[in-house]
Amino acid sequence: MFLLTIGLLGLVLYLGLRYIFSHWDRHQLPSIKPKVPYGNLRDVAKRRQSFGVLISDLYWKSTEQLLGIYLFFQPAILVRDAHLAKQIMVTDFGSFHDRGVYNDEKTFSSNVFSLPLKPWKPLRQKLAPNFSTGRLRSIIPTILDAGKKLEHYLDRSADKEEVVELREVVTRYVLDIIGLVMFDLKVDTLNNPEHPFCLVGQEILRNSFSNNLRTAATFVCPGIYKITNISSISPIVETFMIDLFTRQKEIREKNSLNKKDFIQSLIDLHSENRDQNREALNTLECGSNMFIFYIAGSETSSGTTIFTLHELTHHPEVMAKLVKEIDETLERSKGLIDYDVIKGMQYLDVCVKETLRKYPGLPILNRKCTQDYQVPNSKMVIRKGTQLIIPLLGFAMDERYFPEPEKYSPERFLEASKNYVDDAYAPFGDGPRQCIATQMGITVVKVTLVMLLSKFNFEATQGPKIKFAAASVPLRPDGGIKLKISRRIVAAKQFAKMFLLPIALLVLVTFFGVWYIFSYWKRYGLPHLEPEIPFGNLRALLERRQCIGVAISELYRQSAEQLVGVYLFFKPAILVRDAGLAKQIMTSDFASFHDRGTWNNPRSSNVFSLPLRPWKQVRHVLSPCFTPGKLRLMIPTVLDVGKKLEDYLSESAERGEIVELRDICTRYVLDIIALTMLGFEADTLNHPDHPFYTIGRELVRNSFLNNIRTAATFLFPEFYKLTKIPSISPKLSRYLVSLFNEQSDFRERNNVSRKDFFQSLLDLRQEDREHNRKALSVQQCASNINVFYIAGSETTGGTVIFTLHELTHHPEVMEKLVNEIDETLERSEGLIDYDVVKGMQYLDVCVKETLRKYPGLPILNRKCTQDYQVPNSKVIIRKGTQLIIPLLAYAKDERYFPEPDKYSPERFLEESKNFVDDAYTPFGDGPRQCIATQMGIVIAKITLVMLLSKFRFEATQGPTLEFAVSQVPLGPKHGIKLRIFRRNVNTAENTGEVRFSRKNI
């Protein structure tokens, strides 16, 4: 009997779930297949994604105008058409006047956000005057007072140029404004974070099971509250808000106070309705309305502020333009900030609009169908009671509505360059139920940004991509927003007035000095490009519009001469436009060009930058680390790390997700470098917070100092002598020295000696001591680690992702390469070793073609070390002259590579060879060719074999890449985003495991 009962219950449950999850099939609406019991919200339930991001992911899984989804057990329609969404919110409001979120006047859930139409209208009408233009003008002094406290709070950190976590700071600042403006309550949570008014906010946002359940139930499945009878808000929050309302009401009634503010409107509604025998707004409802403005105000205003600062620090050209507008506006207003001054800042307005596009107040909006609705130009009828989800974040990232949606581009909102679809922009909703406090929130944000940017400089300390906190509806940065803050110096005008004459004299001397420098090639008699003061020929580089490689390629195209004089800022140099001559310079005439001419500090020199004599010794000692024998030995390690990479990507592949491969491949290559070259395990792939990765990101961080270092190292080394600025970040230098000392001590203490790169450095130090020579310093050892760290991670990782990028845009090449990999692995029974990889001919030419289009370094430097007569020419290159060999430009020159923009591996096959040998040197040539060339290529090949034998990739971005401006190696500005799927392949004896040979080990 018991088993029969259980069986019947199981059958009923099965049939019930089947009925629920077939709703859209029965209604014949295209839908996304649900998973029991999550519906389409598995990642929200498992706290892997925020609600808004997950809805955006669902948005991209279809191209339908309307898409059926399941919010756990609740069927809903995802509106994928921004125009229809606008119509639903505005013109057809009569059919969608309710939000469909949880509302019960007997509980703490009935407020202006959640109420149905009839009680909502009079409440909104009563509250609306609190957000009028006149009211906004009156609150600005309050915002400025709070802003002054914020400035004082940040002063100490700015003076020390510290990193501050701004999300919590700005949230407390906004709470102080809300306390005064909305609740007539002076709290100062900025300086007193333990104040109850702040703690209650932390309780609301606390990442707990009950809070996550409440969030999901409120927006997704309101029926949970009726079934479980749990409170829609934490009892702590409910009690606080009710007590606050009651206390403020009693104070005002006792003292006969009547202020024209938000809380007075609630008190009036609480009292007047009773006086006029209408249904009164009860105490619970008053507290609930206070709660909704507390949470909405603090979350959206603080979020918009910090997201704007975050984007500005990653877009310095936007930051400069906005700061300039603020400075000029405040100069005209003599420092006055009021409503009209703020309103007049046009660029500030479009910056805030662009932030709200990328990070809308709510990433989704709810609407409930309140009467059957015939969808325009469709046979579809939306039935009364149906829940609709309007994906604002999905619209914001859809290039149909916003071209280049990932790009932060305020200009798209300027009337002169408007570049978006109006109907898709509704960050606070639209129509009658648009957020009532929109303009107040925006005003607070704008005033705050003006105060902060007029006083402080901000620098990014984390990448541009933000990870959002899981299981929340508003977009919250997981871990906050950490920015480096410093004080701005704005006394330049007073200084100029005090020292006008000395400045004038200095300008005159500078003018003649600059004129002399920029007439060098004219005096020398060499064909040259006309310079621009003070940029030389590198204006695009200094203005951070182009990377070094692209900027040099542009100069290459401006002349047809064999040798052309250029100016690298203030430094004259020769651009070698003849690949044959470049080859001769690097190989047969090496004796006249044996130094690179890049910056070399004796205290921190390395195998890349050293002059000839010490370079020979260091290279001789390091060379055995990169022999074919050593490459064979390291392959098992590469495969072990590759297995971790496969595991890391598997989950995304199962779901067909888009992954950003540049960062992943960089961490993967760093793990190989740590193990094979330095002898320790970092596992940055699974621990991206490991200092071996995070500190290294200092090298490629897009900051003013890094851009200066990059340019100076390769183009104007004398800059370091003039300024004494270190050539690499002190933070990175300290880490590498510490790493060297730790590993050195470990090996010495445990009597460990390995045949690796790190041991070679130790042996070289020991050998120098034994021969009474000046030993390689710890700083120099750290510098050598640095050069292999950056060269290995950037070029090897880059070769992998650029190859995958090109393959996804050339499916015929992808198919041919995958066939070769599959057939080779079938013959080797899954074995991958040095000989197996070496035997893949088409893989080899694919990698060669990638390295042609994206060479390891886009330019090479050589310094003339003795006067050199150019063959078949009257030109003599003088000793000390800097030469630039433009590898990227050769790769794009059809004289050397026909159809250079085409990705054509076949050009490297012997039977169809179609290129000039002298023009192909992606890692340089001659004695100073990169010592680790073969190691990097082998790792890239093995990685491609492992990835393409397990996964399938699809492009998600166009074939032409924009390169990051802050580094010399070619790095994709916005990463490489590919959609990944697991391949279903079962070749002979292929169990899914890649094996490797241990012969010769």
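The rules behind these values
- Residues numbered from 1 in each chain as written.
- Predicted model: local features only at pLDDT ≥ 70, side-chain atom pairs only at ≥ 80, totals over all residues.
- Heavy atoms only, no water.
- Helix = DSSP H or I, 4+ residues; strand = E, 2+ residues; numbered from the N terminus.
- Buried < 20%, exposed > 50% of the residue type's maximum accessible area, 1.4 Å probe, protein only.
- Contact = heavy atoms within 4.5 Å.
- Areas by Shrake-Rupley, 256 points an atom, 1.4 Å probe, with all protein chains shown as cover.
- Core = buried A, V, L, I, M, F, W, Y, C linked by side-chain atoms within 4.5 Å.
- Phe/Tyr/Trp six-rings, centres within 6.5 Å; stacked < 30°, edge-to-face > 60°.
- Salt bridge = Lys/Arg side-chain N within 4 Å of Asp/Glu carboxyl O.
- 1 Å grid on protein atoms, 1.4 Å probe; cavity = no way out; pocket = protein on both sides within 12 Å on 5 of 7 lines; lining within 4 Å.
- Points joined across faces, edges and corners; volume = space filled by probe spheres on them.
- Nonpolar A, V, L, I, M, F, W, Y, C, P; charged D, E, K, R; others polar.
- Expected span 1.5 Å × (residues − 1).
- pLDDT = per-residue confidence, 0-100.
- Pairing = 2+ DSSP bridges.
- Axes fitted to C-alpha atoms, helices over the stretch in contact; angles between N-to-C directions.
- Parallel < 35°, antiparallel > 145°, perpendicular 65-115°, else oblique.
- Patch = residues over 30% accessible without salt bridge, like charges linked within 9 Å, V, L, I, M, F, W, Y side chains within 5 Å.
- Lys, Arg positive; Asp, Glu negative; His and termini not counted.
- Charge placed at Lys NZ, Arg CZ, Asp CG, Glu CD.
- Polar contact = N/O pair within 3.5 Å; in protein donor to acceptor, adjacent residues only side chain to side chain.
- Arc of directions from axis to C-beta.

S.K.: How should I be thinking about the overall build of the protein in this particular structure?
M.R.: When its secondary structure is counted, the protein shows 39 helices and 18 strands. In the protein, which comprises 1001 residues, the share counted as buried stands at 57%. The long-range fraction of contacts in the protein, counting pairs at least 24 apart against all pairs at least 6 apart in sequence, stands at 71%. Carbon together with sulfur atoms contributes 54% to the accessible area of the protein, which is approximately 45,000 Å² in total.

S.K.: Whenever I open this one, the nonpolar core confuses me. Can you help?
M.R.: Soluble globular proteins: nonpolar side chains tend toward being buried together. Counting residues in hydrophobic clusters, the biggest one holds 152 residues, and the most contacted among them are Ile 55, Tyr 173, Phe 183, Phe 197, Phe 293, Ile 382 and Phe 458. Those residues within four positions of Phe 197 in sequence are excluded, and the remaining contacts are Leu 175, Ile 178, Gly 179, Phe 183, Leu 185, Val 187, Thr 189, Phe 240, Leu 244 and Tyr 294. Membership of the second largest hydrophobic core comes to 151 residues, among which are Cys 547, Val 576, Val 638 and Leu 639.

S.K.: Which parts of the structure should I look at to understand the packing of aromatic side chains?
M.R.: Remark: the centre distance and the inter-plane angle together describe each pair of aromatic rings, the angle taken between the planes. The final tally for this structure, using the stated rule, is 40 aromatic pairs. An angle of 80 degrees between the planes, with centres 6.3 Å apart, marks the rings of Phe 307 and Phe 468 as edge-to-face. Note that Phe 307 is positioned in helix α14 (residues 283-314) and Phe 468 in the loop between β8 (456-460) and β9 (482-487), a separation of 161 residues in sequence. Relative to Tyr 890, the ring of Tyr 556 lies with its centre 6.0 Å away and its plane at 70 degrees, an arrangement referred to as edge-to-face. Here the residue Tyr 556 occupies a position in helix α24 (residues 548-556), and Tyr 890 occupies one in helix α38 (residues 887-891), the gap between them amounting to 334 residues. Each member of the pair, Tyr 556 together with Tyr 890, is buried. One aromatic cluster in this structure is built from Phe 131, Phe 183, Phe 197, Phe 240, Phe 262, Phe 293 and Tyr 294.

S.K.: I tried to follow the pattern of salt bridges on my own but got confused; where do I start?
M.R.: Opposite charge on two side chains makes pairing possible when the charged atoms of those side chains draw close. According to the stated counting rule, one finds 53 salt bridges in the structure shown. As a salt-bridge pair, Asp 43 and Arg 48 come within 2.6 Å of each other at their nearest N and O atoms. Owing to a relative accessible area of 36%, Arg 48 belongs among the partly exposed residues under this scheme. Residue Arg 488 pairs with Asp 327 through a salt bridge whose shortest N-O separation is 2.5 Å. Taken together, the residues span a long stretch of sequence, with Arg 488 in the loop between β9 and α20 (492-498) and Asp 327 in helix α15 (residues 316-332) at a distance of 161 residues. Looking at Asp 327, the relative accessible area reads 29%, which means it is partly exposed. A cluster of three or more residues bridged by salt bridges with shared partners is formed by Asp 43, Arg 48, Glu 651, Arg 655 and Glu 657.

S.K.: Just to check I follow, could you spell out empty space enclosed by the protein for this structure?
M.R.: By rolling a water-sized probe across the atoms, one finds the places where empty space is left. In the structure shown here, the tally under the stated rule is nine cavities of 30 Å³ or more. In this structure, the second largest cavity is lined by 16 residues; those nearest its centre are Glu 299, Thr 300, Gly 303, Phe 307 and Leu 475. Ranked by the residues each element gives to the lining of the second largest cavity, the list is headed by α14, at seven residues. For the lining of the second largest cavity, the per-class residue count stands at eight nonpolar, five polar and three charged.

S.K.: Please clarify how α15 should be interpreted in this entry.
M.R.: Along an α-helix, residues three or four positions apart point the same way, because every turn accommodates 3.6 residues. Compared with the 24 Å implied by 1.5 Å per residue over 17 residues, the 24 Å span of α15 between its first and last C-alpha is a close match. Those residues of α15 not exposed but buried are Pro 316, Val 318, Met 319, Leu 322, Val 323, Glu 325, Ile 326, Thr 329 and Leu 330. Note on α15: the residue one or two positions beyond its end, Lys 334, has a positive phi of about 55 degrees.

S.K.: Is there a simple way to think about the confidence of the model for the protein in this case?
M.R.: For the protein, the mean per-residue pLDDT works out to 86, and 88% of the residues sit at or above 70. This stretch, residues 491-498, has a pLDDT under 50; its non-local contacts, to residues over four places away or in other chains, come to three contacts. Taken together, the stretch residues 987-1001 has pLDDT below 50 and engages in 35 contacts with residues farther than four places along the chain or on a different chain.

S.K.: Which parts of the structure should I look at to understand the sheet that holds strand β17 (residues 951-955)?
M.R.: What holds strands together in a sheet is hydrogen bonding between their backbones, with the strands either parallel or antiparallel. Spatially, the three strands line up as an open sheet ordered β12-β18-β17, and their pairing is antiparallel. Edge strands, defined here as strands with exactly one partner in the open sheet, are β12 (658-660) and β17. Each strand of the sheet is rotated relative to its neighbour by a mean of 45 degrees, with strand direction disregarded. Sheet analysis places β17 next to strand β18 (residues 977-982), joined by five bridges and oriented antiparallel.

S.K.: Honestly, the sheet that holds strand β4 (residues 365-368) in this entry has me stumped. Any pointers?
M.R.: Ordered by their spatial adjacency, four strands build an open sheet running β1-β2-β7-β4, and the pairing between neighbours is mixed. Taken across any chain shown, the strands that pair with only one partner, and hence form the sheet edges, are β1 (66-71) and β4. Ignoring strand direction, the axes of neighbouring strands in this sheet form an average angle of 35 degrees.

S.K.: How do you make sense of the packing of helix α12 (residues 235-254) against α14 when you look at a structure like this?
M.R.: For any two helices packed against each other, one specifies the inter-axial angle together with the distance between the axes. Interaxial distance between α12 and α14 falls to 8 Å at its minimum, and their mutual angle equals 110 degrees. In terms of their interaxial angle, α12 and α14 are classed as roughly perpendicular. For the pair formed by α12 and α14, the contact residues are Val 237, Glu 238, Met 241, Ile 242, Leu 244, Phe 245 and Thr 246 on the first element and Thr 283, Leu 284, Cys 286, Gly 287, Met 290, Phe 291 and Tyr 294 on the second. The residue inventory of the contact of α12 with α14, partitioned by class, reads ten nonpolar, three polar and one charged.

S.K.: Help me understand a positive patch on the surface, please; the structure alone is not making it clear to me.
M.R.: Residues Lys 35, Arg 42, Lys 46 and Lys 61 make up a contiguous surface patch of positive charge. When you line up the elements, Lys 61 lands in the loop between α4 (51-59) and β1.

S.K.: How should the side chain of Gln 387 be read in this particular structure?
M.R.: Along the chain, Gln 387 turns up in strand β7 (residues 387-390). The exposure class of Gln 387 is buried, given its relative accessible area of 4%. Setting aside chain neighbours within four positions, we find Gln 387 in contact with Gln 74, Pro 75, Ala 76, Ile 77, Arg 99, Gly 100, Asn 366 and Arg 367.

S.K.: What's the story with the side chain of Arg 907 in this structure? I'm lost.
M.R.: Tracing the chain through its elements places Arg 907 in the loop between α38 and α39 (933-950). At 3.1 Å, the side chain of Arg 907 forms a polar contact with the side chain of Glu 849. Within the structure, Arg 907 has its side chain in polar contact with the backbone oxygen of Pro 898 (distance 2.9 Å). In contact with Arg 907, not counting residues within four places along its chain, are Glu 849, Arg 852, Phe 897, Pro 898, Glu 899, Pro 900, Lys 902, Ser 912, Lys 913, Asn 914 and Phe 915.

S.K.: It is not clear to me how the pairing of β8 should be interpreted in this structure. Could you clarify?
M.R.: Every second residue of β8 is oriented toward a common face, the buried set being Phe 456, Phe 458 and Ala 460 and the non-buried set Asn 457 and Glu 459. Bridge count between β8 and β9: five bridges; the pairing is antiparallel. Paired with Glu 459 across the two strands is Lys 484, which belongs to β9.

S.K.: Please clarify how unusual backbone geometry should be interpreted in this entry.
M.R.: With glycine set apart, most residues show a phi of negative sign, and most peptide bonds adopt trans. Omega for the peptide link from Val 36 to Pro 37 comes to 0 degrees, which places this bond in the cis form. Summarising the element assignment, Pro 37 is placed in the loop between α2 (23-26) and α3 (42-45). Residue Ile 533 is joined to Pro 534 through a cis peptide bond whose omega torsion reads 0 degrees. The backbone phi angle of Gln 28 is positive, close to 55 degrees, even though this residue is not glycine. Here Gln 28 shows up in the loop between α2 and α3. Gln 28 sits in the exposed class, given a relative accessible area of 73%.

S.K.: Sorry if this is basic, but what is going on with the packing of α14 against helix α17 (residues 346-358) here?
M.R.: Axis separation between α14 and α17 bottoms out at 9 Å; the angle between their running directions is 100 degrees. Put simply, α14 runs roughly perpendicular to α17. On α17, the residues that touch Thr 304, Phe 307, Thr 308 and Glu 311 of α14 are Val 352, Thr 355, Leu 356 and Lys 358. Across the contact of α14 with α17, the residue classes tally to three nonpolar, three polar and two charged.

S.K.: How should helix α6 (residues 117-127) be read in this particular structure?
M.R.: When we look at burial in α6, the residues that qualify are Trp 120, Leu 123 and Leu 127. The arc enclosing the buried residues of α6, seen along the axis, measures out at 75 degrees, which places them on a common side. Those residues of α6 that are exposed and angled more than 90 degrees off the buried face are Lys 118, Lys 121 and Gln 125.

S.K.: Even after reading the chapter, I still don't get the environment of Ala 889, so can you show me in this structure?
M.R.: Among the structural elements, Ala 889 can be located in helix α38. Here the alpha-carbon distance between Ala 889 and Tyr 556, two residues 333 residues apart in the chain, equals 6.6 Å. Not counting the four nearest positions on each side in its chain, Ala 889 is found in contact with Ser 553 and Tyr 556.

S.K.: Got a minute to help me understand the environment of Asp 595 in this structure?
M.R.: With respect to the helices, strands and loops of the structure, Asp 595 is situated in the loop between α25 (579-586) and α26 (612-622). Given the relative accessible area of 14%, Asp 595 is considered buried. Among the polar contacts made by the side chain of Asp 595, one reaches the side chain of His 594 at a distance of 2.9 Å.

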